[in-house]
Amino acid sequence: MNSSPARPPRRTTDPGTLLARLLLDPTRTERVTHVEHVPARTARHGQWPLWADPLLVDRLRLGGVELPWEHQVQAAELVRAGSSVILATGTASGKSLAYLLPVLTALLADDRAGALYLSPTKALAGDQLRAVRALNLVSVRAATFDGDTPREERDWVRRHGRLILTNPDMLSRAILPRHADWASFLRGLKYVVIDESHTYRGVFGSHVGLVLRRLRRICARYGADPVFVLASATASEPELSASRLTGLPVVPVTDDASPRGATEFALWEPPLMPDYGSGQGAGENGAPVRRSATAETGDLLADLVVEGARTIAFVRSRRGAESVALSARRALAEAAPELGGRVAAYRGGYLPEERRELERRLQSGDLIGIAATNALELGLDVSGLDAVVLTGWPGTVASVWQQAGRAGRAGQGALAVFVARDDPLDTYLVHHPEALFGRPLESTVLDPANPYVLGPHLACAAAELPLTDADLPLFGNEEQVRLLLGDLVRRGLLRARPKGWFWTSPERPDVDIRGTGGTPVRLVEGATGRLLGTVDAASSHSQAHDGAVYLHQGESWLVDRLDLEASVALVHAEEPDYTTSARDITDISVVETLRTRSFDGVTLHFGTVDVTHQVVSFLRKRIGSGEVLGEEPLDLPPRQLRTRAVWYTVELELLEEAGIEWADVPGAAHAAEHAAIGLLPLFATCDRWDIGGVSTALHPDTGTCTVFVYDGHPGGAGFAERGYERGEPWLRATREAIAACECPAGCPSCIQSPKCGNGNEPLDKRRAVALLDVVLASGLAQVATG
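All values reported here derive from a predicted model rather than from experimental measurement.

On to the overall build of the protein. Within the protein, the regular secondary structure consists of 25 helices and 27 strands. Scaling as 2.2 N^0.38, a compact globule of 786 residues should have a C-alpha radius of gyration of about 28 Å, and the protein matches this with 27 Å. Within the protein, the fraction of its 786 residues that count as buried is 56%. Expressed as a percentage of contacts within the protein between residues at least 6 apart in sequence, the contacts between residues at least 24 apart total 72%. In the form shown here, the protein has an accessible surface area of approximately 31,900 Å², with 50% of it arising from carbon and sulfur atoms. With 81 positive and 98 negative side-chain charges, the protein shows a spacing of 8 Å between the two charge centroids.

See the structure below:
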């Protein structure tokens, strides 16, 4: 590669002009369903607090920060006064300064004071360490403590570190169990910073919440009561999520006073395949399909590179990122061959120096276009980008804005394009822009009271220090905690004594805070014995069964044999012209109804359910067309799951009055279930793969038509509960997503599901809308949100 490549002709990167150039092809105009002009925002500056250390202020000024912004001062003042705070503002709004100002001032004023910084990724902690060290405050002694820290350095960090940057995993496994070795640091701990706190959601977030409660308990033993400072993307009611995470009252700071360039944000829906009428553009069950979002993104990336606009295209999978980059390079080979080498894919597993090189090439202009997985969403230190293309829903509204905010970070204007995948949620968003551009709908969901999560952490806490009656309220409902402790005693893990509960084993307990339960299944190359990776136990039946095509790091592998007893799947490399899709049978029974709201023949429930799930066969589908090539039976045992669910029931008389005959109820309920699963991530910070569903025309536990949506994790993850709390807007969005889709009878954009174990049969689009109309007209709209 030429070390000093010729730059492309630098055309205007005004976002409006860029979008107009993308739409010069008249066939593209109808693909844009909405353009939102996000106006520029002028900075509102505050003054440096009088208590701020003068040396720190001087160093910040030397680094280019002449004055702080108002929200930074507001958060810093609250933290300084002893309040736990969550700062929930946009990308590039300077959240780091807001917590570093009080933290570093305290460390400079008291050489016994300490602070702990927690981040979800090592890369982000590394970026923060470089930022702190750039201030050249020698007495702060900042250091990382993670899995990459050499053994000889760990002792130094333990003895001398004052600002320690780590992650929840290391806190749980290496610091809290050895708290006596950290006594000096813990005794002086003043602040705990939790960066990117919105990423702590679901089961992982529940685990982290309990790790933080264990930390607070150990700190109290050493006489410390640290203030918690959380930095988050924008979200609905961030203080409630922060309080649930930490177990403390938390004050929100949400008024963003940072400057922002104007952004043109386009919502883009790929067209239906032109050969649909001939059947060649049809997918499963003859349904119409749209041109893939990755193909559209590849074209857009190439066009933006030709315009000289530095662009990142975010793609959910590594294979998708490679496909987008390859597609863009092919397009450039015809239109501008000299630019093909200036487009790259970001692959997972980069070393830190490779990541820095990527940033350097982007900053210098050597690299103009990059297709990246969401791994670049956190901690990428790149400014001056002109455009961002988002290939499908990234998981949360916060992630949409976090990714879009990568462009225009130097204050200039930016273009963002959201390209919808063939998916109900993506389809809903491009036709309901208010869901993206209105007030935040979603809340960061977690449930530290989940007994399957809480129980192991109680064991860890008892091993750290014997649990006493006074400790129990820290971990939640005292009655529930006592029941779990009793269970641990019966299993011989704890011993109950008059002074508390004691850990019985000489070995420390361990809990995988990122795990989902069960022994992971190892993917092993049969010919060499090489370990390729793992898949969690709950997913192994559907993803690693005999004959499954498994994608790992962009490569295709065929499963020869799944050995459940040994938790091993033997595989060999192969590139078949088909994919595989498991078919299953799922039964659900109601264990306990915890909350109920009803009105005029429709009832919304939340409670505990038992799910029995058995994979019985798999389909082989031709890549591209989705044509079913065959079905193969499987002999796998059923799996049991006790979890939480939200479900609604509809009296059959109401359905008959709406023109839904008995024979049509299964297809209507099944379609409504699929779409509801697809739309719940808009309201709860989950992925559709985190949840499941069952629908039936006549359920034995309810005696009527019932649609269930359940958490796919033992004990629940909080997603179903959020669905119950937001029942009316969730089901209304579900109804509108189905009704707005232009397909005649159902497609992947509305009611078909890629994870359906019944082959997307039966499905009835028109009657699903009618069923949801009955639910929404019942008066549940007022009851479910009241």
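Here the narrative resumes, following the displayed structure.
This next bit is on the pattern of salt bridges. This structure, assessed with the given rule, holds 35 salt bridges. The salt bridge partner of Arg 291 is Asp 299, with a shortest N-O separation of 3.1 Å. Measuring nitrogen to oxygen at the nearest pair gives 3.7 Å for the salt bridge that ties Arg 583 to Glu 631. With a gap of 48 residues between them, Arg 583 in strand 22 (residues 578–599) and Glu 631 in strand 24 (residues 628–633) connect regions that are remote in the sequence. Assessed through its relative accessible area of 43%, Glu 631 is described here as partly exposed. Members of the salt-bridge network, linked through shared partners, are Arg 31, Arg 291, Glu 296 and Asp 299.

Alternating residues of strand 2 (residues 85–88) divide into Val 85 and Leu 87 and Ile 86 and Ala 88, and every residue in both groups is buried. As paired strands, strand 2 and strand 7 (residues 227–232) are joined by 4 bridges and run parallel to one another. Across the sheet, the residue bridging to Ile 86 is Leu 230, located in strand 7. Note that strand 2 and strand 8 (residues 251–253) share 3 bridges and pair parallel.

Our next topic: the sheet that holds strand 5 (residues 163–166). Ordered in space as 4-5-3-6-7-2-8, the 7 strands form an open sheet in which the pairing is parallel. Among the strands making up the open sheet, the edge pair consists of strand 4 (142–144) and strand 8. The mean inter-strand angle of the sheet, taken between neighbouring strand axes irrespective of direction, is 15 degrees.

The next subject is the packing of helix 10 (residues 202–221) against helix 18 (residues 451–464). The contact between helix 10 and helix 18 brings their axes to 10 Å, and the two run at 25 degrees. Viewed along their axes, helix 10 and helix 18 adopt a mutual orientation that is roughly parallel. Every pair of crossing elements has a handedness; the one defined by helix 10 and helix 18 is right-handed. Mapping the contact onto sequence places Val 203, Ser 206, His 207, Leu 210, Val 211, Arg 214, Arg 217 and Ile 218 in helix 10 and Val 453, Leu 454, His 457, Cys 460, Ala 461 and Glu 464 in helix 18. Of the residues contributing to the contact of helix 10 with helix 18, the split by class is 8 nonpolar, 3 polar and 3 charged.

To continue, consider the state of the cysteines. Under the counting rule described, the total for this entry stands at 0 disulfides. The thiol sulfur of Cys 686 is not disulfide-bonded, and the nearest other cysteine sulfur, from Cys 756, lies at 18 Å. With relative accessibility at 0%, the residue Cys 686 sits in the buried group. With no disulfide of its own, Cys 747 lies 3.5 Å from the sulfur of Cys 741, the closest cysteine sulfur.

In total, this model carries 9 aromatic pairs according to the counting rule given. With a centroid separation of 6.3 Å and an interplanar angle of 45 degrees, the aromatic rings of Tyr 99 and Tyr 117 are classed as tilted. A residue pair is termed long-range when its members are at least 10 positions apart, and Tyr 99 in helix 5 (residues 95–109) and Tyr 117 in strand 3 (residues 114–118) qualify at 18 residues. Judged by its relative accessible area of 2%, Tyr 99 falls in the buried class.

All right, on to the side chain of Ser 749 then. Assignment of secondary structure puts Ser 749 in the loop between helix 24 (727–740) and helix 25 (765–784). If sequence neighbours within four positions are ignored, Ser 749 has contacts with Arg 290, Asp 422, Asp 423, Pro 424, Thr 427 and Cys 741.

What follows is about the nonpolar core. Of all hydrophobic cores here, the largest spans 97 residues; its most connected members are Leu 458, Leu 485, Tyr 648, Leu 682, Trp 730 and Leu 771. Here this core gets 9 residues from one element, more than from any other, and that element is helix 22 (residues 665–679). Aside from chain neighbours lying at most four places away, what touches Leu 485 is Leu 458, Leu 467, Leu 472, Leu 494 and Trp 501. Counting residues in hydrophobic clusters, the runner-up holds 40 residues, among them Ile 175, Tyr 200, Leu 245 and Leu 465.

Here the focus is helix 15 (residues 397–404). The element helix 15 is largely enclosed, with a buried count of 7 among its 8 residues. Those residues of helix 15 that fall on the buried side of the exposure criterion are Val 397, Ala 398, Ser 399, Val 400, Gln 402, Gln 403 and Ala 404. The secondary structure elements touched by the buried residues of helix 15 are strand 9 (263–268), strand 10 (311–314), strand 13 (387–391), strand 14 (414–419) and helix 17 (434–437). The N-cap residue of helix 15 is Thr 396: its side-chain oxygen and the backbone nitrogen of Ser 399 are 2.9 Å apart.

This next bit is on the sheet that holds strand 1 (residues 32–38). By way of backbone hydrogen bonds, the strands of a sheet pair with one another, either parallel or antiparallel. Read from one edge to the other, the open sheet built from 7 strands follows the order 1-9-14-13-10-12-11, with strand pairing classed as mixed. Two strands in the sheet have a free side with no partner beyond their single neighbour: strand 1 and strand 11 (343–346). Neighbour-to-neighbour, the strand axes of the sheet open up by a mean angle of 15 degrees, direction not taken into account. The strands touched by helix 1 (residues 15–22) are strand 1, strand 9 and strand 14; relative to strand 14, the strand with the most contacts, the crossing angle is about 40 degrees.

Here helix 6 (residues 122–133) spans 16 Å end to end across 12 residues, near enough to the 16 Å set by a 1.5 Å rise per residue. Within the sequence span of helix 6, burial applies to Leu 124, Ala 125, Gly 126, Asp 127, Gln 128, Leu 129 and Val 132. The N-capping residue of helix 6, defined by a side-chain oxygen 3.2 Å from the backbone nitrogen of Leu 124, is Thr 121.

The rules behind each value
- Residues numbered from 1 in each chain as written.
- Predicted model: local features only at pLDDT ≥ 70, side-chain atom pairs only at ≥ 80, totals over all residues.
- Heavy atoms only, no water.
- Helix = DSSP H or I, 4+ residues; strand = E, 2+ residues; numbered from the N terminus.
- Rg over C-alpha atoms; globule rule 2.2 N^0.38 Å.
- Buried < 20%, exposed > 50% of the residue type's maximum accessible area, 1.4 Å probe, protein only.
- Contact = heavy atoms within 4.5 Å.
- Areas by Shrake-Rupley, 256 points an atom, 1.4 Å probe, with all protein chains shown as cover.
- Lys, Arg positive; Asp, Glu negative; His and termini not counted.
- Charge placed at Lys NZ, Arg CZ, Asp CG, Glu CD.
- Salt bridge = Lys/Arg side-chain N within 4 Å of Asp/Glu carboxyl O.
- Pairing = 2+ DSSP bridges.
- Axes fitted to C-alpha atoms, helices over the stretch in contact; angles between N-to-C directions.
- Parallel < 35°, antiparallel > 145°, perpendicular 65-115°, else oblique.
- Left-handed = near helix turned anticlockwise from the far one by under 90°.
- Nonpolar A, V, L, I, M, F, W, Y, C, P; charged D, E, K, R; others polar.
- Disulfide = S-S within 2.5 Å.
- Phe/Tyr/Trp six-rings, centres within 6.5 Å; stacked < 30°, edge-to-face > 60°.
- Core = buried A, V, L, I, M, F, W, Y, C linked by side-chain atoms within 4.5 Å.
- Polar contact = N/O pair within 3.5 Å; in protein donor to acceptor, adjacent residues only side chain to side chain.
- Expected span 1.5 Å × (residues − 1).

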